[in-house]
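Commentary on secondary and tertiary structure
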Amino acid sequence: MPVNVQQIPGEPIIQVQMNGQITSKDINTIIRECARLTEGVEHKIYRITDITEAEISLTEILAIANVVRADVPASSTDPRFVPIFVGNAKTSRLYTDILRKQAFNGEGLPFFNTMETALNYVREDRAVETV
């Protein structure tokens, strides 16, 4: 399967790993799994999506943008979710830039080169909120 979704135990962090050719159906799978994992949760949830090994065609990016902005739990319209991306290729940045414009109303999306850096960012953000 080209996507793997898991929640870090004891933390409001969901890690998504994408590998190979990704389609809008895969994104639907991610959204449904995130909704299942966070059912009944009211607080902020960080979703870190690693697209380092993902291959996404330009045509699919536009279809994906439509999927992520659907008005369903765990989509980009769900105010609980904070989207964060990990990647290192030009295409990873192109993908997030298109999503930012198409699905997130032009708002900036945190983008990191490694999962470790993204996790540190989230944990620092959570520490600031609890102060």
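It should be emphasised that the depicted structure is a prediction, and the values quoted were computed from it without experimental measurement. (Residues numbered from 1 in each chain as written. Predicted model: local features only at pLDDT ≥ 70, side-chain atom pairs only at ≥ 80, totals over all residues. Heavy atoms only, no water.)

**Points about the nonpolar core**
Generally speaking, soluble globular proteins have nonpolar side chains that are buried together. What counts here: The criterion is simple. A nonpolar core is a set of buried Ala, Val, Leu, Ile, Met, Phe, Trp, Tyr and Cys residues joined through side-chain atoms within 4.5 Å. Under the scheme applied here, a residue whose accessible area is under 20% of the maximum for its type counts as buried, over 50% as exposed, and between as partly exposed, the area being computed with a 1.4 Å probe on protein chains only. Comment: elements are numbered from the N terminus, with helices defined as DSSP H or I runs of at least four residues and strands as E runs of at least two. Contact between two residues is taken to exist if any of their heavy atoms lie within 4.5 Å; hydrogens are not considered.
Counting residues in each nonpolar core, the largest one holds 28 residues, and the members touching the most others are Met18, Ile22, Ile27, Ile30, Ile64, Tyr95 and Leu99. Put simply, the parts of the chain that give this core at least two residues each are β1 (3-7), β2 (13-21), α1 (24-37), β3 (45-55), α2 (58-68), β4 (81-86) and α3 (90-103). With 5 residues, the top contributor of residues to this core is α2. Ignoring anything within four residues of it in the chain, the contact list for Ile22 reads Pro2, Val3, Ile27, Ala54, Glu55, Ile56, Glu60 and Ile64. With 11 residues, the next largest nonpolar core counts Tyr46, Ile84, Phe112 and Ala118 among its residues.

**A word on the packing of α1 against α2**
Note the cut-off: Every angle, taken between N-to-C directions, lies between 0 and 180 degrees, and every axis is a line fitted to C-alpha atoms, over only the stretch in contact when it is a helix. An angle below 35 degrees is treated as roughly parallel, one above 145 as roughly antiparallel, one from 65 to 115 as roughly perpendicular, and anything else as oblique. Helix crossings fall into two classes, left-handed where the near helix is turned counterclockwise from the far one by less than a right angle and right-handed where it is turned clockwise. For this classification, Asp, Glu, Lys and Arg are treated as charged, while Ala, Val, Leu, Ile, Met, Phe, Trp, Tyr, Cys and Pro are nonpolar and the rest, including Gly, are polar.
Closest axis-to-axis distance for the α1/α2 pair is 9 Å, and the angle between their directions is 25°. In terms of orientation, α1 lies roughly parallel with respect to α2. Of the two possible hands of crossing, α1 and α2 adopt the one that is right-handed. Between α1 and α2, the contacting residues are Ser24, Ile27, Asn28 and Ile31 on the first element and Glu60, Ala63, Ile64, Val67 and Val68 on the second. Class assignment of the residues belonging to the contact of α1 with α2 gives a composition of 6 nonpolar, 2 polar and 1 charged.

**Quick word on the sheet that holds β3**
Which entries qualify depends on this criterion: Should DSSP find at least two bridges between two strands, the strands are regarded as paired.
Spatially, 5 strands are ordered β1-β2-β3-β4-β5 in an open sheet, and the strand pairing comes out mixed. What marks the edges here is a single partner per strand, and that holds for β1 and β5 (111-112). In the sheet, β1 pairs with β2 via 5 bridges, with the strands oriented antiparallel. In the sheet register, Val5 faces β2, and the bridge partner there is Val16. Along the sheet, α1 makes contact with β1, β2, β3 and β4, crossing β1 at roughly 15°. Across the sheet, helix α4 (residues 115-130) lies against β2, β3, β4 and β5, angled at about 170° from β3, the strand it touches most.

**Things to note about the environment of Thr114**
Positionally, Thr114 belongs in the loop between β5 and α4. Considered as a pair, Thr114 and Thr52 are 62 residues apart in the sequence and their alpha carbons are 8.8 Å apart.

**Brief notes about the pairing of β4**
As a reminder, the rule being used: The path from the first strand over the helix to the second decides the hand: if it runs clockwise while the strands point away from the viewer, the crossover is right-handed.
For β4, the buried fraction is high: 5 of the 6 residues fall into the buried class. Strand direction decides the pairing type here: β3 and β4, joined by 6 bridges, are parallel. Counterpart to Thr49 in the pairing with β4 is Phe85. Note on the crossover from β3 through α2 to β4: the handedness is right-handed. As paired strands, β4 and β5 are joined by 2 bridges and run parallel to one another. Note that in β5 the partner of Val86 across the bridge is Phe112.

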